[in-house]
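Spelled out from the first residue to the last, the chains are:
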Amino acid sequence: MSSVLVTADQDSGVAVVTLNRPDRLNAIDLGMAGDLARVWRDLRFDDSVRAIVLTGAGERAFCTGIDRDAVVPQPNSPYAQDDPLLGVGPKANDLWKPVVAAVRGMACGGAFYLLGEAEFVVADTTATFFDPHTTYGMVSAYESVLMAQRMPYGEVARMALMGTAERISARRAHEVGLVSELAPEGEALAAATACAVVVAGYPTEAVQGTVRALWAASEAGRSRGLAQAPHLIALGNATGERQARLFAGRGREYRSR
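Rules of the game
- Residues numbered from 1 in each chain as written.
- Predicted model: local features only at pLDDT ≥ 70, side-chain atom pairs only at ≥ 80, totals over all residues.
- Heavy atoms only, no water.
- Helix = DSSP H or I, 4+ residues; strand = E, 2+ residues; numbered from the N terminus.
- Buried < 20%, exposed > 50% of the residue type's maximum accessible area, 1.4 Å probe, protein only.
- Contact = heavy atoms within 4.5 Å.
- Areas by Shrake-Rupley, 256 points an atom, 1.4 Å probe, with all protein chains shown as cover.
- 1 Å grid on protein atoms, 1.4 Å probe; cavity = no way out; pocket = protein on both sides within 12 Å on 5 of 7 lines; lining within 4 Å.
- Points joined across faces, edges and corners; volume = space filled by probe spheres on them.
- Nonpolar A, V, L, I, M, F, W, Y, C, P; charged D, E, K, R; others polar.
- Pairing = 2+ DSSP bridges.
- Core = buried A, V, L, I, M, F, W, Y, C linked by side-chain atoms within 4.5 Å.

Peer 1: Requested: an account of the overall build of the chain, with residues and values cited.
Peer 2: Regarding its fold elements, the chain presents nine helices and 11 strands. For the chain, the spread of C-alpha atoms along the principal axes amounts to about 50 × 40 × 40 Å. Sorting the 257 residues of the chain into buried and exposed places 47% on the buried side. In the chain, of all internal contacts separated by at least 6 residues, the share reaching a separation of at least 24 is 74%. On the chain, roughly 12300 Å² of surface is accessible, and the fraction owed to carbon and sulfur atoms is 55%.

Structure follows, in structure tokens:
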């Protein structure tokens, strides 16, 4: 079964893209990373699709970032680092059709590569958001830069620095602007789809031009931040062995706020 499912409604012009690894909390392995890139590129050429909803299969998670079992070969150089998540988002694949994210359950770590490239986020009351990088001896670079475009600085800083000790509740995410609409449990997909149907009904050129304009509005800060990310990761990340020990010894308790 494919790790990414796509269903399209010809009448509404809305496609639903579903991360389909619920047994792994929709964590992204190398296969899913490639599948996502192909899906976004294919949707660029499908004129019948005018708006997209991105969601995750199952009830436990939207996405929990990179799969811990994924093996990512790295060049033997401090000046180069390969990040398989850099190509998983729609904007990274030059797709300028509007994307609405529908979040149920956990969204953490590398999930922010996807949420950061959606136009807005709809979540149900089960949604929680957190960034585990520092807990595991890793620099939160790309994730923090993308979330800094969505949330106040202090909220992004707290989420990145507190690691697995805290999770942002759906209510708090809505209060700080990460989530644009809070839906009842199990209804995030329906609420996000309703928004996408409205947008898909408007003239395509005007909609895509607006998406480009919005993205351009934050381009300078985002580009400068992302340019620093590889160097900060190379300098700040613990060795793989230490990361594994920190992951194995992590605490299971957390505070929700």
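Peer 1: Break down the layout of surface pockets for me, citing the residues and quoting the values.
Peer 2: To find the voids left in a structure, one rolls a probe of water-molecule size over its atoms. By volume, the second largest pocket is sized at about 190 Å³. Looking at the second largest pocket, the residues that line it are Gly 116, Ala 118, Glu 119, Leu 146, Gln 149, Arg 150, Val 211, Leu 214, Trp 215, Ser 218 and Arg 222. Split into classes, the residues belonging to the lining of the second largest pocket amount to five nonpolar, three polar and three charged.

Peer 1: A description of the pairing of strand E2 (residues 14-19) should follow, citing residues and the corresponding values.
Peer 2: Counting buried positions over the six residues of E2 gives six, a clear majority of the element. Here E2 shows no split at all, with Val 14, Val 16 and Thr 18 on one side and Ala 15, Val 17 and Leu 19 on the other all buried. Both strand E1 (residues 4-9) and E2 contribute to a ladder of six bridges, which runs antiparallel. Bridge pairing in E2 links Val 4 to Leu 19. A loop of four residues connects E1 with E2, the two strands running antiparallel in sequence, and Gly 13 in this loop sits at a positive phi of about 80°. Two elements, E2 and strand E3 (residues 51-56), share six bridges in a ladder whose sense is parallel. Looking at E3, one finds that Ala 15 is bridged to Ile 52.

Peer 1: Please give an account of the nonpolar core that cites residues and values.
Peer 2: Counting residues in each nonpolar core, the largest one holds 47 residues, and the members touching the most others are Leu 115 and Phe 129. Among the elements that make up this core, the one with the highest residue count is helix H1 (residues 30-44) (six residues). If we skip the residues at most four places from it in the chain, Leu 115 touches Phe 62, Ala 101, Val 103, Ala 107, Val 121, Phe 129, Met 147 and Arg 150. With 13 residues, the next largest nonpolar core counts Val 53, Ala 102, Ala 183 and Ala 200 among its residues.

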